[in-house]
Amino acid sequence: MTDPLAARQDQLEHWARAQLAELHAHSSPELLQFTPLNGDAGFRRYYRLNTEPSLLAVDAPPPQENAGRFAELSQHLLNHHIAVPKVASVDPENGFLLLEDFGDRLLHRALRKQPESATALYGEALMQLLALQQTPGSEHFPPYDQAFLRRELNLFIEWFLEGMLGLELSSEERSLLDDVFDRLEQSALEQPQVAVHRDYHSRNLLIRPDGCMSIVDFQDAVWGPITYDLVSLLRDCYIRWPADQIRQWALGYGNMACGIGLLEDVTESQFLQWFDWMGLQRHLKVLGIFSRLALRDDKPQYLKHLPLVIRYVLEVASHYPELADFRYWFEHKVLPKAQSQSWYEDYRLAGETTP
């Protein structure tokens, strides 16, 4: 019986060789090598080609992935001087791409190796974000509206509470969560709306050989709240920084956004609440997504990050009286269930040591 993954790879290689011949990107097709790379949370598979300059062949299988959307969005961002990979060739029907290769030096790896460089590296990441948020053309991005936000929040219920922990929610608990979800959605929608990457963090930012920082994995970009990518970056699910440092970076970004007109008439406390509540929305969603990756997609490696996400959730909930009931419920109903899981570690210490 034919292995479907092997068949897809053969098909991708055949297509890539034909495209490279047309592009005159490799003088000896018979010597062309496809080196598989580690995948990501999506369904995409990546192969590095020994071309000059180096290219990546990408298998983005439809209907789970949309190669055509990626190529169109890449060109739109490049047109506005955003540092994203250029698409050399695309087959939208089959889900194949040839991309500019920016290398393997993820921001995450650089921060782990040289944490003392964090201020400079985050400064560059924040400048890249500021450029992205100034990208015009809301028609190129789906609206991050209330229905979209609610679908994401419901992942927390379906995949984390019910799927991972086996909780059955009472009508009172669902009412509690509905109230919290309503608050988070309203906070998101009242913010200035800009281009949002939706996964802007240390594993989706690459430091190129020339030292410049570039953005990848942007195909799910939307038009939404100004603090979404900021909190994705600063309260990263894969690396943690001291609360005072995060606050300083967030307010510094807010000042820059005010300076160029992205933000107007917002107080420091309002901006920080937007930031905190947007992070809570994201981290509740991520609890669901990481659980789904393990339960549905056979990617259990994401479970080790759940304690840090729980820490973010409870830290934010502890700072706002409006979220006191939610915090109490989480600590007394959800946390005991989580503590019985094999992936659990003391959330209060999550992110304090290098994995």
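Residues numbered from 1 in each chain as written. Predicted model: local features only at pLDDT ≥ 70, side-chain atom pairs only at ≥ 80, totals over all residues. Heavy atoms only, no water.

Engineer: Can you break down the overall build of the chain residue by residue, with the values?
Structural biologist: Within the chain, the secondary structure is distributed over eleven helices and nine strands. Over its C-alpha atoms the chain spans a radius of gyration of 21 Å, differing by no more than 12% from the 20 Å that the globule rule assigns to 355 residues. Taken along the three principal axes of its C-alpha coordinates, the chain extends 65 × 55 × 40 Å. The buried share of the chain, reckoned over its 355 residues, is 54%. Taking the intrachain contacts of the chain between residues at least 6 apart in sequence as the baseline, contacts between residues at least 24 apart amount to 72%. Accessible surface, the chain as shown: approximately 16600 Å² in total, 50% of it carbon and sulfur. (Helix = DSSP H or I, 4+ residues; strand = E, 2+ residues; numbered from the N terminus. Rg over C-alpha atoms; globule rule 2.2 N^0.38 Å. Buried < 20%, exposed > 50% of the residue type's maximum accessible area, 1.4 Å probe, protein only. Contact = heavy atoms within 4.5 Å. Areas by Shrake-Rupley, 256 points an atom, 1.4 Å probe, with all protein chains shown as cover.)

Engineer: Give a description of empty space enclosed by the protein that names residues and reports values.
Structural biologist: In this approach a probe as big as a water molecule rolls over the atoms, and the regions it shows empty are the leftover space. In total, this model carries two cavities of 30 Å³ or more according to the counting rule given. Here the second largest cavity defines a volume of roughly 30 Å³. Forming the boundary of the second largest cavity are Leu 77, Leu 132, His 197, Ile 215, Phe 218 and Ala 221. Grouping the constituent residues of the lining of the second largest cavity by class yields five nonpolar, one polar and no charged. (1 Å grid on protein atoms, 1.4 Å probe; cavity = no way out; pocket = protein on both sides within 12 Å on 5 of 7 lines; lining within 4 Å. Points joined across faces, edges and corners; volume = space filled by probe spheres on them. Nonpolar A, V, L, I, M, F, W, Y, C, P; charged D, E, K, R; others polar.)

Engineer: How would you sum up the nonpolar core? Please name residues and give values.
Structural biologist: In this structure, Tyr 122, Leu 230, Leu 233 and Leu 234 are the most contacted members of the largest nonpolar core, which totals 62 residues. For this core, the element with the most residues is helix H4 (residues 118–133), which contributes eight residues. Leaving out residues up to four positions away in the same chain, Tyr 122 has contacts with Leu 111, Leu 233, Leu 234, Ile 239, Trp 241 and Trp 249. Ranked by size, the runner-up nonpolar core spans 44 residues in total, among them Phe 156, Leu 284, Tyr 320 and Val 334. (Core = buried A, V, L, I, M, F, W, Y, C linked by side-chain atoms within 4.5 Å.)

Engineer: Mind laying out the pairing of strand E5 (residues 96–100), listing which residues take part and the relevant values?
Structural biologist: Within E5, four of the five residues are buried, which leaves it mostly tucked inside the rest of the structure. Examined bridge by bridge, strand E3 (residues 55–59) and E5 share five bridges and lie antiparallel to one another. By the bridge assignment for E5, Leu 56 is matched with Leu 99. The pairing of strand E4 (residues 87–91) with E5 spans four bridges and is classified as antiparallel. The residue bridging Val 90 from the neighbouring strand is Leu 97, located in E5. Counting the residues in the hairpin turn of E4 and E5 gives four residues, including Gly 95, whose phi is positive at 80°. (Pairing = 2+ DSSP bridges.)

Engineer: Describe the environment of Ala 60, and please don't skip the residues or the numbers.
Structural biologist: Topologically, Ala 60 is positioned in the loop between E3 and helix H2 (67–79). In the structure, Ala 60 is positioned 31 residues away from Asp 91 in sequence and 9.9 Å away in space, judged by C-alpha atoms. Those residues in contact with Ala 60 that sit more than four places away from it in its chain are Arg 8, Arg 44, Glu 65, Gly 95 and Leu 97.

Engineer: Outline helix H1 (residues 4–23), listing residues and values.
Structural biologist: Here H1 spans 28 Å end to end across 20 residues, near enough to the 28 Å set by a 1.5 Å rise per residue. At its buried positions, H1 is contacted by strand E1 (34–36), strand E2 (45–49), E3, E4 and E5. (Expected span 1.5 Å × (residues − 1).)

Engineer: Tell me what's going on with the sheet that holds E1, and back it up with residues and numbers.
Structural biologist: Strands in a sheet are paired, the pairing made by backbone hydrogen bonds, and the direction either parallel or antiparallel. The antiparallel open sheet is built from five strands, whose spatial order is E1-E2-E3-E5-E4. If you trace the sheet from one side to the other, it starts and ends with E1 and E4, each paired once. In this sheet, adjacent strand axes meet at a mean angle of 25° when their direction is disregarded. Two strands pair when backbone bridges link them, and E2 and E3 are joined in this way by five bridges, in the antiparallel orientation. Counterpart to Tyr 46 in the pairing with E3 is Val 58. Those strands touched by H1 are E1, E2, E3, E4 and E5, and its axis lies near 55° from that of E5. Relative to the sheet, H2 contacts E4 and E5, its axis offset from that of E4 by approximately 150°. (Axes fitted to C-alpha atoms, helices over the stretch in contact; angles between N-to-C directions.)

Engineer: Kindly report on unusual backbone geometry, identifying the contributing residues and their values.
Structural biologist: Across the junction of Glu 52 and Pro 53, the peptide omega takes the value 0°, indicating a cis bond. For the bond from Pro 62 to Pro 63, the omega torsion is 5°, close enough to zero to count as cis. Relative to the helices and strands, Pro 63 resides in the loop between E3 and H2. For His 81, which is not glycine, the phi torsion reads 65° and is therefore positive. Along the chain, His 81 falls in the loop between H2 and E4. Exposure remark for His 81: the relative accessible area of 73% places this residue in the exposed category.

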